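Given next are the chains, with one letter for each unit.
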Amino acid sequence: MQKGLTNAEVKERCLRFGLNQLTSKEIRWYHIALSQFKNPFIFLLAAAAGASFVLGEEIDGVFIIIFILTNAILGFWQENHSAHALRDLKKYITEKTHVIREGKEVFIDVIDLVVDDIVMLQAGDKIPADIKFLESRGLLVDESILTGESAPAAKSTEGENNLGFSGTLLVSGNATAIVLATGNNTEIGKIAKLTLETVSDSAFQREMKSFSSFILRLVVISILALFLFKFFTRGAGFNFVEFIIFAIALSVGVIPEALPLVITTALSRGALQLAKKHVVPKRLSAIEDLGNIDILCTDKTGTITENEMKMDDILETKKDGTLRYALLASNYEEKKETGQNSFDTALWDHATHNLQTEVKRIKKIAEMPFDPERRRNSVLVQDGEQGKLVVRGAPEELINLCSEFEDYNKKEILEKIKAYGLEGKRVLAIAFKEIAGSLADLEKIDLKKEENKLTFVGLAVFADPLKSSAMKAIKEAGHLGVQVKIISGDSKEVTGSVAYKIGLISSPEKVITGSELEQMGEEAHQAVLEYHAFARVSPVQKFNIINLLKGKHFVGFLGEGFNDLPALKTASVALVVNNASDIAKDTADIILLNKSLMVIIDGIKEGRRIFVNSFKYIKTTLAGNFGNFYALVFASLLVPFLPMLPLQILLLNFLTDFPMIAIGTDNVDLKELRKPKGFQIKEVVLLCTILGLVSTGFDFAFFGYFYRFGEQNLQTMWFIGSVLTEFLLIFSMRRQGFFLKGARPGKWILGLTVFLVPFSLALPYIRIAREIFSFKVQPLSSMVVGLILVVAYLAVNEIVKLLYYRRFAKR
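Sequence order as written defines residue numbering, which begins from 1 separately in each chain. Whole-chain, interface and lining totals are the exception, using all residues; otherwise, since this is a predicted model, local features are given only for residues with pLDDT of at least 70 and side-chain atom pairs are given and counted only at 80 or more. Side-chain numbers come from the whole structure's heavy atoms, not from hydrogens or water.

A. Up close: the side chain of Thr182. Each helix is a run of H or I in the DSSP string that is no shorter than four residues. Each strand is a run of E no shorter than two, and both are numbered from the N terminus. By secondary structure assignment, the location of Thr182 is in the loop between strand S7 (169-181) and helix H6 (187-190). Whether two residues are in contact is decided by their heavy atoms: any pair within 4.5 Å suffices. Ignoring any residue separated from it by four or fewer positions in sequence, one finds Thr182 in contact with Phe17, Gly18, Asn20, Leu113, Val114, Val115 and Ala129.

B. Main features of the packing of helix H24 (residues 597-638) against helix H25 (residues 646-661). To obtain an axis, a line is fitted to C-alpha atoms, over the contacting stretch when the element is a helix, and the angle between two such axes runs from 0 to 180 degrees between their N-to-C directions. Look at H24 against H25: their axes get within 12 Å of each other, and the N-to-C directions meet at 165°. With respect to H25, the axis of H24 lies roughly antiparallel. Between H24 and H25 lies a crossing of right-handed hand. Contacts between H24 and H25 involve Tyr617, Thr620, Thr621, Asn628 and Leu632 on the former and, on the latter, Ile649, Leu652 and Met660. Ten residue types, Ala, Val, Leu, Ile, Met, Phe, Trp, Tyr, Cys and Pro, are classed as nonpolar, four, Asp, Glu, Lys and Arg, as charged, and the remainder, Gly among them, as polar. Taken together, the residues that form the contact of H24 with H25 break down as five nonpolar, three polar and no charged. Each angle is binned into one of four classes, with values under 35 degrees roughly parallel, values over 145 roughly antiparallel, values of 65 to 115 roughly perpendicular, and all other values oblique. Note on convention: the crossing is left-handed when the near helix lies turned anticlockwise from the far helix by less than a right angle, right-handed when the turn is clockwise.

C. Up close: the sheet that holds strand S22 (residues 590-592). Strands were regarded as paired on the criterion that DSSP finds at least two bridges between them. Here eight strands make up an open sheet; going across it, the order is S8-S22-S21-S20-S9-S17-S19-S18 and the pairing mixed. In this open sheet, the two strands that pair with only one neighbour each are strand S8 (279-281) and strand S18 (512-513). Pairing of strand S17 (residues 483-487) with strand S19 (residues 533-535) involves two bridges; the strand directions are parallel. The residue of S19 that forms the bridge with Ile486 is Ala533. Against the sheet, helix H18 (residues 492-501) makes contact with S17, S18 and S19, and its axis sits at roughly 160° relative to S19, the strand it touches most. Contacting strand S9 (295-298), S17, S19 and strand S20 (555-559), helix H21 (residues 539-550) runs over the sheet at an angle of about 160° to S20.

D. The arrangement of the pairing of strand S4 (residues 130-142) in detail. Where S4 lies against S7, 10 bridges are found, and the strand directions are antiparallel. Counted as the bridge partner of Ile131 is Val179 from S7. Inspection of the sheet shows S4 paired to strand S6 (residues 163-164) by two bridges, in the antiparallel sense. When the bridges of S6 are listed, Ile131 appears paired with Gly164. As defined by bridge partners, S4 adjoins strand S5 (residues 153-155) across three bridges and the pair is classed as antiparallel. Note on S5: the bridge partner recorded for Val141 is Ala153.

E. Main features of the pattern of salt bridges. Take a side-chain nitrogen of Lys or Arg and a carboxyl oxygen of Asp or Glu: if they are within 4 Å of each other, that pair is a salt bridge. In this structure the tally under the stated criterion is 28 salt bridges. Note that Asp109 is salt-bridged to Lys96, the shortest N-O span being 2.8 Å. A residue pair is termed long-range when its members are at least 10 positions apart, and Asp109 in strand S2 (residues 104-109) and Lys96 in strand S1 (residues 96-101) qualify at 13 residues. Members of the salt-bridge network, linked through shared partners, are Glu12, Arg13, Arg16 and Asp116.

F. Structural detail: a nonpolar patch on the surface. Patch criteria: residues need more than 30% relative accessible area and no salt bridge. Like-charged residues are merged within 9 Å; nonpolar side chains of Val, Leu, Ile, Met, Phe, Trp and Tyr are merged within 5 Å. All accessible-area figures derive from a Shrake-Rupley calculation using a 1.4 Å probe, and residue coverage is judged against the displayed protein chains alone. A contiguous nonpolar patch, built from Phe37, Phe53, Val62, Ile65, Ile66, Leu69 and Ile73 and spanning about 570 Å² of accessible area, is present on the exposed surface. Its location among the elements puts Val62 in helix H4 (residues 58-92). For every residue, the accessible area obtained with a 1.4 Å probe (protein chains only) is divided by the maximum for its type, and the residue is called buried under 20%, exposed over 50%, and partly exposed between those limits. On the basis of relative accessibility, which here comes to 38%, the residue Val62 falls in the partly exposed class.

G. Spotlight on H25. Take the residue count of a helix, subtract one, and multiply by 1.5 Å to get its expected span. Look at H25: 22 Å from first C-alpha to last across 16 residues, which is about the 22 Å you get at 1.5 Å a residue. Across the 16 residues that make up H25, a large majority, 15, are buried.

Right under this line is the structure:
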C-alpha cells in the first residue's frame with residue numbers, strides 16, 4: 001500500500017507550488033465603482049450638466065453632478081455588498097477528496113492537495129488536479145471540458161492513457177493516482193478562461209431587461225413627439241438647450257433605473273438569509289428560480305428520514321453468517337468521513353470487535369460498487385483457501401439470482417421482506433458463491449458473469465426514523481402550493497409507509513414503481529401527476545419522471561449521486577447536498593449544507609419573497625412615473641414655461657429612489673407566497689396604465705388649482721405633491737388588499753419615509769433649497785390644499801387598485 005506524503009513534505013510542496021486553486025482576475029472594489037458610470041442614464045445626466053455649465057447655469061450643473069455621484073455611491077455600496085455576499089457564500093461550498101498521507105487514508109479539502117499526493121478516486125468524482133494513474137479498474141473519464149468530445153475516454157495505468165486532468169470527471173471505475181500538477185500549473189489552469197463562472201440571468205431578469213428596453217423606447221418616442229410639437233409651434237421662441245435638459249431629466253425620472261439595484265439588493269439579502277438556513281445558491285439568480293418551484297421531487301433518505309441507520313433485525317440462515325457476509329461486502333474503512341454509506345456504518349456499529357477484526361484481515365480481490373440500475377454490489381474476497389463472491393442488494397433482485405436456500409423457502413422470505421417494508425424498515429439481502437482457484441486466477445474473474453447460482457445467506461434489516469420536521473415541511477409546502485413527490489430506490493412497501501406517515505399520500509398502497517410507470521405508455525403523463533410516491537426507480541426512470549412533470553410545471557429535484565446526474569440536468573432547479581458527488585455539485589443550482597425538506601421549503605419561500613418585492617418595485621415605480629411623465633409632457637404643451645424644472649425633477653427622482661430601493665428588504669404577506677408568480681407583462685402594463693391615469697388626473701388637479709398663483713408656486717406645489725404621492729404609492733402598492741392590513745412595512749421603508757416626508761415638506765422653507773431649486777415659500781392654505789389632494793389621491797388609488805385586483809383575481 002502507498003504510504004503517501006508526510007506532513008512536512010506537504011508543507012514544503014504547498015510553499016513551493018501554492019494552493020490547488022485557479023487564480024483569475026479578481027473583481028475589486030474599484031471595478032465596481034467604475035461600473036457605476038457605465039450606465040447610459042449617467043451619460044445623459046453628464047450631458048445635461050455640461051449643457052448647464054455652457055449656459056452659465058453653474059448651480060444646476062453642480063447639483064446634477066452631485067446627483068450623479070450620490071447615485072453612484074449608493075449603487076457601489078449595494079453592489080459591493082452583494083459581491084462580498086456571493087464570495088462569503090462560496091466559502092460554504094467546499095470540495096473534498098481522499099488522499100493517503102503518512103500511511104493513512106484521509107479526507108481533505110481539494111484546495112490543500114499538493115504535488116506527489118496519492119489520491120483515491122471513484123465514479124462520480126471530479127479529478128482534483130493533473131494526475132497519473134497508478135492503479136485502476138474500469139476507468140472511463142469525461143474529458144469534454146478540455147477536448148469537446150462527448151464520449152468518455154478509457155484510461156489505464158499504461159501508455160498515453162495513464163493521465164487524468166483537473167476538472168474532468170470519472171464516469172465509471174475507481175483508481176489510485178499520484179498528483180503531477182496543481183492550481184494554475186494544470187492543463188485547465190493554462191486555459192483558465194474555460195473554468196470562469198458563467199453568470200446566467202434568471203427568466204425574471206431577462207424579462208426585466210426586455211421590459212426596461214420597452215420603457216426606454218416609449219420615453220424616446222414621447223419626447224421626440226413633444227420636441228416636434230414645441231419646435232413647430234414655438235418657432236424662434238423655442239429654447240433647444242433648455243428643452244434637452246428638461247427631456248433628459250424627464251427621462252431619468254420615468255425610467256426605472258434602480259431596477260437592477262433593487263433586484264441585486266433583494267437577491268444578496270435573500271442569499272445571506274438562506275445561508276443562515278443552510279441553503280447556498282451557486283448564482284444569485286438561482287434564488288428566483290427556487291421560488292418558482294411548484295413541484296419538488298426528492299429522495300426520502302436524509303430529507304424525510306434521519307439517514308441514521310440502525311440495525312433493527314437480522315434474518316439468518318447460517319449462524320453468524322448474515323452479518324459476517326454483509327461486512328465482507330462493505331467498505332472496510334470504519335470512518336464515516338471517508339465516504340462509508342449509512343448501511344455500512346450501521347453494520348460495523350452492530351458488529352463485535354472480534355468480528356470486525358476478523359473481517360478486516362480478509363483480502364479483498366475485486367469489487368463492483370453499488371449500481372442503482374442493478375440494485376446491488378459485489379465483492380470477491382479470498383476467505384481462507386478459496387475465493388468467495390459476496391453479493392448484497394435489493395431482496396427482490398438478489399433472490400432471483402439464488403439457487404440454494406436454507407431454513408426458509410423463497411416464498412417465506414418474500415413475505416418477511418414485505419412485512420418489514422410495511423413497517424417502514426429497509427432490507428438488504430446477502431448471498432454468496434464459492435469460487436475455486438489461485439489468487440492469479442481469481443483476479444481475472446468477471447464478477448458480473450459469476451452473479452448466478454448464489455447461496456442465500458439472510459437479510460439485514462434497518463430502521464431509519466422520520467425527521468421530526470418532515471410532517472411540518474409537507475404541510476408548509478401545501479400552503480405554498482408546492483407538491484412534494486418522493487422518488488426512491490427503495491421498495492414499494494418502505495416508500496409507501498414513509499409517504500403515508502408524513503401525510504403525503506392517503507394510503508400506503510398509493511405508490512407506483514418505476515417499471516410499472518414505464519409500461520404505461522401515454523398514460524404515464526397523467527400518472528406522474530396523480531402519484532406522489534415512486535419506488536424502485538432507476539436513474540433513467542427518474543429522468544423520465546422529471547421530464548414528464550416539466551411539461552406543465554417548474555420542477556425542483558434534490559439529488560446527490562452520480563446516478564442522479566440526468567435528472568439534475570433536466571430539472572428546472574437542481575439541488576444537491578454539500579457532500580454530494582463532485583459531478584452532481586457541478587450541475588447544481590443550489591447547494592444544501594443541511595439535507596432537510598424544511599430547508600428547501602424555506603428556500604422556496606425566500607425565492608418567492610424576493611420575486612414579490614422586485615415585482616412590487618416595478619409596479620410602484622411605473623405607476624407613479626407614468627403618471628408624472630405624461631402629466632409633465634401634456635402640461636408642457638399647454639403652458640409657455642416648464643411645469644417642473646429639470647433640477648426639481650431630478651431631486652424628485654432622487655428622494656423617492658431611497659424608499660423605492662428599500663422595497664427589496666420589505667416584509668411580504670404570507671398570502672402572496674402561496675403560489676409561484678410568473679412575470680405577467682399584461683398585468684403590469686394594464687395596472688400601471690390605470691393607476692398612471694389616476695396619478696395624471698391628480699397631477700392635473702394640482703396644475704389646475706396652483707397655475708393661477710404663478711410659475712414658481714405651481715412648480716413648488718407640484719413638486720411637493722409628486723413627492724408625497726410617490727411615497728404614499730409605495731405603501732398602497734405593497735399589497736393587493738387594503739394597504740393598512742397585512743404585513744408591517746420593512747424597517748428601511750418605514751424609516752426612510754418618516755425622515756424624507758417632513759424633509760420634502762420643509763424644502764420650500766429652507767433658504768438654500770429655495771435658491772438652488774427655485775422653490776417658493778408656500779402659505780399654509782396652499783399646503784393644506786396640497787395635502788387634501790394627496791389624501792384624496794391615496795383614497796382613489798386604493799379604490800381603483802382593489803377593484804382591479806378583485807376583477808383580475810376572478811379572471
